[in-house]
Amino acid sequence: MGLLSDPQCRRALARLLLRLNTPLCVLSYLSGLTWFLLLSLPALAPRTYLSENAMGSTMVGEGSDLGPRALARDFGGHKRRAGGMPVEWLEQTMFQLGLEVHRQPFSRTLPFPDEAHERYLVRGTNVFGVLRAPRAASTEALLLLVPCSEGTKNNQAVGLLLALAGYCRGQVYWAKDLIFLVTEHDLLGTQAWLEAYHDVNLTGVPPPRYPLGGGSRAGRGAIQAALALELSSDVVTSVDVAVEGLNGQVPNLDLLSLFHSFCLKSGLLCTFQGKSGLLCTFQGK
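Residues numbered from 1 in each chain as written. Predicted model: local features only at pLDDT ≥ 70, side-chain atom pairs only at ≥ 80, totals over all residues. Heavy atoms only, no water.

A. Geometry of the overall build of the protein chain. Looking only at helices and strands, the protein chain has nine helices and seven strands in total. Counting across all 285 residues of the protein chain, residues that qualify as buried make up 32%. Taking as baseline every contact in the protein chain between residues at least 6 positions apart, the subset at least 24 positions apart corresponds to 71%. Here the protein chain displays about 17,900 Å² of accessible surface, and carbon together with sulfur accounts for 58% of that area. (Helix = DSSP H or I, 4+ residues; strand = E, 2+ residues; numbered from the N terminus. Buried < 20%, exposed > 50% of the residue type's maximum accessible area, 1.4 Å probe, protein only. Contact = heavy atoms within 4.5 Å. Areas by Shrake-Rupley, 256 points an atom, 1.4 Å probe, with all protein chains shown as cover.)

Written out as structure tokens, the structure reads:
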């Protein structure tokens, strides 16, 4: 402070800066250019890029003690006794978790018989629960769906879906509705549910019964993103992300980056479309 408060010292410092003005400007310009070029090195370049800071993996509280295995065992037992999808058990479990539970029976006429049973008419039932955003209007929604496969192939995914629904029920900061959907007959059930949700009646599928507005769109928000979960084992060592979008477009890159960062943090091998290193390709689009 004494150097700056002394008038003579201030004049001497000003003369020094004026005399070194050109070298300092050149040095600053070269330093900035060098640092910009060094950002292309793998050691300094960021692995992922997030446009929305709130979606960063360090901005949320992580919780992994969900207990999905117990729910998966219960689901598998009721599935064996029912000889298919345990609709009543799913409705009761979702209701106990505090969700708005709905059932959607559907039937679909196939143009060709399927390979498994050589049938033309497929009947099934979808069960889904809606978790309303406590602090926002029901204008937007996120969809998490799990197909009910034959045998024990995807029981762990259903258990994880129900455990995640119970965990999300205790949160109070959601800005979008969360829809937890269990479909029957895989893609056929998913297509039937989407047609009914968007009031596109192409297959004669009855719309879901909603408490608000009956069959209208009241209480149904626009789906911003959807995630289909399939688990082949209860011990997860690698995760493959199949990216699907509308008309060749890819979904929100922040979701892929967040998923990739969590896999790296948990020590899991993360691949996209069965290949590794595709995240940089998506970032360049």
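B. Spatial organisation of the side chain of threonine 183. Tracing the chain through its elements places threonine 183 in strand β4 (residues 177-184). Owing to a relative accessible area of 0%, threonine 183 belongs among the buried residues under this scheme. Apart from residues no more than four positions distant in its own chain, threonine 183 is found in contact with Met85, Asn126, Val146, Pro147, Cys148, Gly189 and Thr190.

C. Structural view of the sheet that holds strand β2 (residues 121-131). Reading across from one edge, β1-β2-β4-β3-β5 is the order of the five strands in this open sheet, with mixed pairing throughout. Looking at which strands have only one partner, the edges of the open sheet turn out to be β1 (100-109) and β5 (222-228). In this sheet, adjacent strand axes meet at a mean angle of 25° when their direction is disregarded. The sheet contact formed by β1 and β2 spans ten bridges and is antiparallel. The residue of β2 that forms the bridge with glutamate 100 is valine 130. Sheet contacts for helix α5 (residues 87-96): β1, β2 and β4; angle to β2, the most-contacted strand, approximately 10°. Along the sheet, helix α7 (residues 187-197) makes contact with β1, β2, β3 (140-148), β4 and β5, crossing β1 at roughly 115°. (Pairing = 2+ DSSP bridges. Axes fitted to C-alpha atoms, helices over the stretch in contact; angles between N-to-C directions.)

D. Representation of unusual backbone geometry. A positive phi is found at histidine 185, a non-glycine position, where the angle reads about 65°. Positionally, histidine 185 belongs in the loop between β4 and α7. In this structure histidine 185 comes out as partly exposed when scored by relative accessible area, which is 22%. Positive phi outside glycine occurs at aspartate 186, with the angle close to 50°. In this structure, aspartate 186 sits in the loop between β4 and α7.

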